Amino acid sequence: MSNDVYKKWMKCPRKSIDYRQCVKSFVEFSMINGGGCTLFSCPCRRCMNAKGLITLSEISFHLLKYGMQEMYTTWRFHGESLEAARNTTTEYVADNDVTAVSNESIAAYVDENVKAGMDENGEEGVDENAEAGVDVNVGTNRCYEKKKSAAEQAREPLYPSCPKGKSAMCDAIMVNNIKTQFGISDNGVTTMLELMKELLPEGNTLPSKFPDIKEIIKELGMDYVTYDACINDCVLYWKDNSSLVKCPVCQEPRYVRVFNDERKLTQVAQNTLRHFPIIARLKRLYSVSWIAEAMLWHSRAQKDVNIMRHPVDSTAWRCADNFYPEFAKEARNVTLGIATDVFNPNGCFGLNYSCWPVKLCPYNLPPSMCMKREFSMLYLLISGTRAPGKDIDVYLQPLIEELKELWNDGVMTFDSFTKSEFLLKARLLWAIHDFPALVTLSGCVTHGYYACPTCGEETVSEWLSYSKKICYMGHRRWLPSKHKYRDDKTNFSGGVEYGKAPWPLTGLQIQEMVKDMRSKQGKGKPPAKKRKRGAEGDNLQQGADEDVSDHSLFSRRSILHDLPN
């Protein structure tokens, strides 16, 4: 393909004539410049040059079915030289001069989203419309025009004579941050925007209503996907269950029939899950050059085994690198930690409603950045009238799906710091939560007679008849064998401690324990009955035994065990 024809066809609709002709030209280009090779990596959006070598006919089929990866502008895997690609890119940049960018970070971010084709959900929606008989080309062009308008809004000045660095998109982001920080209502923001628009000079591009602000922010691709879920946390209505209207486990209906403001009967899901895809957000971290440089801090930092300043200094990080050296070779691969807890968004005014946010933290960043709110990524928002409990596995399915993709296949990402593409992979190394949340996220029993996750079945516990509580003993087992407290009978349990500290269970041992265990989901969750405590703790003993028999030490597999070894 000659340099005068730039690779704009990769953004064209897949069913257009130009796209089909350019796919044939790409196959011919690979055949001529491939050096006699018959097998090539596939640059489609699904394979992204990372799923082995296939024939050119199969590549042509993939490009027509899934579309071309828009970030693959230098066809180095198909025989294109770097100089030819640079000349072509230079011509394109000259036609789209970016010297008038009002805010460099936002403009670069929007450009990267446009180049990378971040709105994959929108593409899937176009395919569904095509199956329903809707014109696919019209929908795709409209989606591309929205992205193009976002880049233009990032460059356009707020008004003709405003100083450099002020644009409608910048102000829209600032207004939305103020609304979130101070809890201003939508109508309050609209009133404030109307006043600001009157005070600004004529010809300003500031929106006058808050819905317009949200439309501008949506152009950045920071959207989420909503999935319906069973009211009893049995199943998540996605993939094979997306078309169901009734839960296959408990037979509860998916929707509740209500009347809207216009007195029309509508269907509203009884329970929902909001999913914020992690792959797009990891790509976004590398779309800004200074953040991409900060993501390499963990590989450049001087490590000291005697000083713990960052998780990179921990033994767990070093062990993970030793187990998977191929992952550790690429410093731009991301190490993640997961955190979750429950909170009530309505305070004391709505005690029958709760939210479970699931957050991910990238630990590639330095200590001053990795735990900041700006870099903590909200991944899931589980809302409902009650906590999901051990059925949180149902809601973690999208997380496990994306983590498997990031670990096994990876995604091609453009690094704006080094100006190069690389195969991004990620791993989940830690879970950060309090002790009660250990039951929910890891499935480990934290109540009853076997509440210690370290001791497991060797937990030493006794029932105190006067206080009617369980007391956990055996702490002196961790002391040295000659320690004086081991022989102290007066201040402790009245006996000499001869026991040895139990070894913590390994991951393989936990898998061996739970491999034959069967977990039940969707039991209907009847209202919890208050347990009466007897004088000698008989009822509590019976309830604790039921908990242990039902959950054992680990009532279900942890999300880490669902990932490949």
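A brief structural summary. All values reported here derive from a predicted model rather than from experimental measurement.

**Quick look at the overall build of the chain**
Here comes step 1: Scanning the chain from N- to C-terminus turns up 20 helices and 15 strands.
Here comes step 2: Per-residue burial for the chain yields a buried fraction of 41% across its 565 residues.
Here comes step 3: Sequence-distant contacts, at least 24 apart, represent 60% of the contacts inside the chain between residues at least 6 apart.
Here comes step 4: As displayed, the chain offers around 32300 Å² of accessible surface, 53% of which is attributable to carbon and sulfur atoms.

**Things to note about the packing of aromatic side chains**
Here comes step 1: With the rule as written, the count across this model stands at 10 aromatic pairs.
Here comes step 2: Geometrically, the ring pair formed by tyrosine 286 and phenylalanine 422 is edge-to-face, given 5.2 Å between the ring centres and 70 degrees between the ring planes. Note that tyrosine 286 is positioned in the loop between α10 (278-285) and α11 (289-294) and phenylalanine 422 in strand β12 (residues 420-424), a separation of 136 residues in sequence. Here tyrosine 286 matches phenylalanine 422 in class, with each residue buried.
Here comes step 3: Geometrically, the ring pair formed by phenylalanine 323 and tyrosine 324 is tilted, given 6.5 Å between the ring centres and 50 degrees between the ring planes.
Here comes step 4: Relative accessible area serves as the criterion here: at 31%, tyrosine 324 is assigned to the partly exposed category.
Here comes step 5: Aromatic ring contacts, followed pair by pair, group Phe323, Tyr324, Phe327 and Trp407 into a single cluster.

**What about the sheet that holds strand β10 (residues 377-384)?**
Here comes step 1: Taken together, seven strands build an open sheet; the order of strands is β4-β3-β7-β10-β9-β8-β13 and the sheet is mixed. Two strands in the sheet have a free side with no partner beyond their single neighbour: β4 (236-237) and β13 (426-432).
Here comes step 2: Those strands touched by α10 are β8 (334-340), β9 (354-362), β10 and β13, and its axis lies near 150 degrees from that of β10.
Here comes step 3: Across the face of the sheet, helix α13 (residues 315-323) comes into contact with β8 and β13 while running at roughly 155 degrees to β13.

**Overview of the pattern of salt bridges**
Side-chain pairing between opposite charges can occur once the charged atoms of the two side chains come close.
Here comes step 1: Tallying each qualifying case throughout the model produces nine salt bridges.
Here comes step 2: With a closest N to O distance of 2.9 Å, glutamate 401 and lysine 239 form a salt bridge. On the criterion of sequence distance, the pair formed by glutamate 401 in helix α17 (residues 397-408) and lysine 239 in the loop between β4 and β5 (255-259) is long-range, its members being 162 residues apart.
Here comes step 3: With a closest N to O distance of 2.9 Å, aspartate 321 and arginine 427 form a salt bridge. Note that aspartate 321 is positioned in helix α13 and arginine 427 in strand β13, a separation of 106 residues in sequence.

**As for the nonpolar core**
Here comes step 1: Formed by 48 residues in total, the largest nonpolar core has its most connected members in Leu236, Ile278, Leu282, Val334, Leu336 and Leu360.
Here comes step 2: In contact with valine 334, not counting residues within four places along its chain, are Leu282, Tyr286, Met295, Phe327, Pro362, Asn364, Leu424, Lys425, Ala426 and Arg427.

**Topic: helix α8 (residues 186-199)**
Here comes step 1: A rise of 1.5 Å per residue sets the reference length of α8, with its 14 residues, at 20 Å; its end C-alpha atoms lie 20 Å apart and thus fit the reference within 8%.
Here comes step 2: Taken as a whole, α8 has its buried residues at Val189, Thr190 and Leu193. With its buried residues spanning 100 degrees around the axis, α8 presents them on a single face. Opposite the packed face of α8, turned more than 90 degrees from it, sit the exposed residues Asn187, Thr191, Glu198 and Leu199.
Here comes step 3: Residues of α8 that are buried in the fold lie against α7 (168-182) and α9 (210-218).

**Some thoughts on the environment of histidine 433**
Here comes step 1: Looking at the element boundaries, histidine 433 is found in the loop between β13 and α18 (437-442).
Here comes step 2: Along the chain, histidine 433 and isoleucine 338 lie 95 residues apart, while their C-alpha atoms are 8.4 Å from each other.

**Some remarks on the state of the cysteines**
Here comes step 1: Following the criterion strictly, the structure yields zero disulfides and no others.
Here comes step 2: Cysteine 370 supplies the cysteine sulfur nearest to cysteine 361, a cysteine that is in no disulfide, at a spacing of 7.6 Å.

**Some details on the pairing of β8**
Here comes step 1: Burial of β8 is extensive: seven of the seven residues sit out of reach of the surface.
Here comes step 2: Here β8 runs beside β13; their pairing, made up of six bridges, is parallel. In the strand pairing of β13, glycine 337 is matched with tryptophan 430.
Here comes step 3: Looking at chain direction, β8 and β9 are connected through five bridges and run antiparallel. Along β9, the bridge assignment pairs glycine 337 with cysteine 361.

The rules we used
Residues numbered from 1 in each chain as written. Predicted model: local features only at pLDDT ≥ 70, side-chain atom pairs only at ≥ 80, totals over all residues. Heavy atoms only, no water. Helix = DSSP H or I, 4+ residues; strand = E, 2+ residues; numbered from the N terminus. Buried < 20%, exposed > 50% of the residue type's maximum accessible area, 1.4 Å probe, protein only. Contact = heavy atoms within 4.5 Å. Areas by Shrake-Rupley, 256 points an atom, 1.4 Å probe, with all protein chains shown as cover. Phe/Tyr/Trp six-rings, centres within 6.5 Å; stacked < 30°, edge-to-face > 60°. Pairing = 2+ DSSP bridges. Axes fitted to C-alpha atoms, helices over the stretch in contact; angles between N-to-C directions. Salt bridge = Lys/Arg side-chain N within 4 Å of Asp/Glu carboxyl O. Core = buried A, V, L, I, M, F, W, Y, C linked by side-chain atoms within 4.5 Å. Expected span 1.5 Å × (residues − 1). Arc of directions from axis to C-beta. Disulfide = S-S within 2.5 Å.

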